[in-house]
Each structure stands twice: as structure tokens, then as C-alpha cells.
Amino acid sequence: MRKIILLAALLGATFGKAQDLNDIFVSGVNDAERFANAYLAPVSEAAIYTISTGWYNSADSKPLGGFEISIVGNMTGFKNKDDKKAFLLDPSEYENLDFVQNPGEARLVSTALGDIEGVEVFVEDETTLFSSTFELPSGLASENINFVPSGYLQGSVGLIKGLEVKARFLPKMKFDDDNVKLGLFGAGVQYDFTKLLPADKLLPVAISAVIGYTNLNGEYDFTDSDIIAGSDQRIDASFKTWNFSAVVSTRNIPVINFYGGLGYITGKSDIDVLGTYQANGPFFSETVVDPFSVSQKASGVNANLGTKLKLGFFRINAEYNIAEFSTFTFGLNFGFR
């Protein structure tokens, strides 16, 4: 359980990067929305992949009444994803935002995954009577975090011949002085086609189909930051994903077995900036309620290879998923067949 709490806390820090968007509001809602879309898109995509894996550790479905309870942890890396760590900010596409150094020239700035720091921008009205300078936010890599994690409890139970149902859950937890809240749930089903064969127990391999749905919800309350006057300022995030996989695994080997899968992941994230906002400048002179939402879709083929070690009632599995964002998954399992 402590491992799950740690992983959830790290994912909470991922949501917390969105709090750094406060400063950008001084340039107006349109500029803030444009910047937020580019800044948050890569971390949203990585989060979709990290919560979509870990649905199976064998293609051999459990018999009627057989069950397994697992602690699952995922780490989705982006260390070598330079194209996801930065985006090109062109001041000509913004209404009020420009760079302090070399104004008017487009340049790369950090996404929520990146590590570019020290980029100063300013907003200024036509009369130059109002001017505000601030630094654009950096990303997780600037804090030496090169992966997006997830963790949860997962259970599975065998039903009729070849059919296994699954559920995953992380109760809503609070972090960072209760400013970050995070929770997860999901459900899945696995069907072992080899159970249809009369001599299935003699076969050296099992072949299954797996479908899994995951829903992650998070909230970051930054009302107390006082960067922009207002109330009930928060970011609500929702991630919904599907995993469709074909799985094959060895079976009946006493201590260790191997498995692999080929699948398709699809998901969508919705990040809503909520509350009231009032900036002390000409671009945000009226109170705005629930200014904008940022949505991101991601989908793609993934393939994985894994191994499962049996130690009595306990089992340990580890796998590596290859996809647009590749993920390492580790599971600690308890159950019986």
C-alpha cells in the first residue's frame, strides 16, 4: 500500500504542474487557453498510457472461484522524448504575450514534461502604462522526474469456463496539504479461448482476449496561491482509457511463466480550469467564471513482454510495454486457482 501511495503522490505532482499556469492568466483568457493546450498535451498523453497497462499477467484465465489480488505500479518514461518536452511558442499567435529577450521571435519553451527554465515573458497594453513580467513554467524533467507513474489495487476472479472479470481501484487520496486529490477505478474482462478446446489443460500455451477500462480523476485547488484574485480556483482533470489486447502465455511451468500481448490503447483527458479569476490588468478586467477546458486524445498500438514468478500463494510479475509512451509495469500478486 505504501508503494501505491508513493506512486499516487508522484502522479499528484503531475497534476500540480498545472498550477504553474496561474501567471499566464494575466495575459488574458485566450492566451492562457492557447498556452495551456500546448503545455499540458504531452503530460496528458503520457498519463493516458500509464493508466492503461497492467491488466493481465497471464493468458491462462482462472477457474471458477479462483482469484488474485494485486498491487500494480507503472512507470511511463519520457527521458528521450525531446519532442514531448518542448513546444514552439510564436508570439504572433498570442494576443498579449511576448518574450523579454528577442521579442517577436518564436522559440522553444517547456511543456509539463520538459526542463527549459528561465524563459521570461511580458504582457503590455497599447499605452505601455500596464506591463507585467513573469517566468514561464518548466516541467517534470526540471525536477529530475523522467517518468509519469501510476499505481492501484487490482483484483480478478474466475467465473464460467474461460471467463475472468477484473477491477482496479485507488481510493481518492489527498496530497500537498490537501490541495491535490486523486482517485482511480476501472473494470475489465478476459476470455481464454483455449478453454474451449477439449484438451486445453495439455496445451503448452494459452490465448486470451482482454478488454479494460480505466478512469482517473484528479483535482488541484490553488485558490490560496493569491497570484490572481478570485475564488474557488481549481483544476479538475479526468482521464478515461480503453485497452484492447490479444495475449499469449506459457502455462503449466512450475515456477516461472512468460507472457506477451499485442493491443490497442485509446483514451481522452479533460482538464477543466474552474473558479473565478480577476487580474489587475487591461486584458482580464472582468471576472471570468470557469474560463476554459483543455482536452487531449491519444491512441495507438502497444506490445508487451513479461514474466511471472510463482512463490507459493505469492506471484511477482514484471513487463515492458512498447508504445508511443513506453511503460514498465511491476505487480505483486496474491491468490489461488
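Details of the structure are given in the entry above.
Residues numbered from 1 in each chain as written. Predicted model: local features only at pLDDT ≥ 70, side-chain atom pairs only at ≥ 80, totals over all residues. Heavy atoms only, no water.

**Side note on the sheet that holds strand E3 (residues 97-99)**
Pairing in this open sheet of three strands is antiparallel, and the strands run E3-E5-E6 from one edge to the other. Each edge of the open sheet is held by one strand with a lone partner, namely E3 and strand E6 (131-135). Here the strands of the sheet are splayed against their neighbours by 30 degrees on average, with no regard to which way each runs. One ladder, built from five bridges, connects strand E5 (residues 120-124) with E6; its direction is antiparallel. Bridged to glutamate 120 within E6 is glutamate 135. (Pairing = 2+ DSSP bridges. Helix = DSSP H or I, 4+ residues; strand = E, 2+ residues; numbered from the N terminus. Axes fitted to C-alpha atoms, helices over the stretch in contact; angles between N-to-C directions.)

**Side note on a negative patch on the surface**
A cluster of like negative charges, contributed by Asp82, Asp83, Asp115, Glu117, Glu120 and Glu135, occupies part of the molecular surface. Considering the arrangement of structural elements, one finds aspartate 115 in the loop between strand E4 (107-110) and E5. On the accessibility criterion, aspartate 115 (42% relative accessible area) is partly exposed. (Patch = residues over 30% accessible without salt bridge, like charges linked within 9 Å, V, L, I, M, F, W, Y side chains within 5 Å. Areas by Shrake-Rupley, 256 points an atom, 1.4 Å probe, with all protein chains shown as cover. Salt bridge = Lys/Arg side-chain N within 4 Å of Asp/Glu carboxyl O. Lys, Arg positive; Asp, Glu negative; His and termini not counted. Charge placed at Lys NZ, Arg CZ, Asp CG, Glu CD. Buried < 20%, exposed > 50% of the residue type's maximum accessible area, 1.4 Å probe, protein only.)

**Regarding unusual backbone geometry**
If you check the backbone angles, asparagine 144 has positive phi at about 60 degrees while not being a glycine. For asparagine 144, a relative accessible area of 70% translates into the label exposed. Non-glycine residue aspartate 290 carries a positive phi angle of around 50 degrees. As for its placement among the helices and strands, aspartate 290 is situated in the loop between strand E13 (288-289) and strand E14 (292-311). The partly exposed category is assigned to aspartate 290, whose relative accessible area is 42%.

**Overview of the environment of serine 142**
On the secondary structure map, serine 142 appears in the loop between E6 and strand E7 (147-158). Residue class for serine 142 comes out partly exposed when judged on its relative accessible area of 24%. Placed 25 residues apart in sequence, serine 142 and glutamate 117 show a C-alpha to C-alpha distance of 7.7 Å. Within the local environment of serine 142, its side chain forms a polar contact with the backbone oxygen of glycine 139, the two atoms lying 2.5 Å apart. (Polar contact = N/O pair within 3.5 Å; in protein donor to acceptor, adjacent residues only side chain to side chain.)

**Details of the side chain of threonine 214**
If you trace the backbone, threonine 214 turns up in strand E10 (residues 205-221). A distance of 3.0 Å separates polar atoms of two side chains, one belonging to threonine 214 and the other to arginine 168. Those residues within four positions of threonine 214 in sequence are excluded, and the remaining contacts are Ile51, Trp55, Arg168, Leu184, Phe185, Gly186, Phe239, Lys240 and Thr241. (Contact = heavy atoms within 4.5 Å.)

**Topic: the packing of aromatic side chains**
Going through the model one piece at a time under the given rule, you end up with ten aromatic pairs. Each ring, one from tyrosine 56 and one from tyrosine 259, has its centre 6.1 Å from the other, and the planes form 75 degrees; the classification is edge-to-face. Note that tyrosine 56 is positioned in the loop between helix H2 (29-50) and strand E1 (67-77) and tyrosine 259 in strand E12 (residues 256-278), a separation of 203 residues in sequence. Accessibility assignment for this pair places tyrosine 56 and tyrosine 259 in one class, buried. Residues tyrosine 213 and tryptophan 242 carry aromatic rings whose centres are separated by 5.0 Å and whose planes lie at 50 degrees to one another, so their mutual orientation is tilted. You can see tyrosine 213 sitting in strand E10 and its partner tryptophan 242 sitting in strand E11 (residues 229-250), a full 29 residues away along the chain. Through a chain of ring-to-ring contacts, the aromatic side chains of Phe67, Phe313, Phe314 and Phe334 assemble into a single cluster. Note that lysine 81 overlies the ring of phenylalanine 325, its terminal NZ or CZ placed 5.2 Å from the centroid. It is arginine 168 that lies over the ring of tryptophan 55; its NZ or CZ is 3.6 Å from the centre. (Phe/Tyr/Trp six-rings, centres within 6.5 Å; stacked < 30°, edge-to-face > 60°. Lys NZ or Arg CZ within 6 Å of the ring centre and 35° of its normal.)

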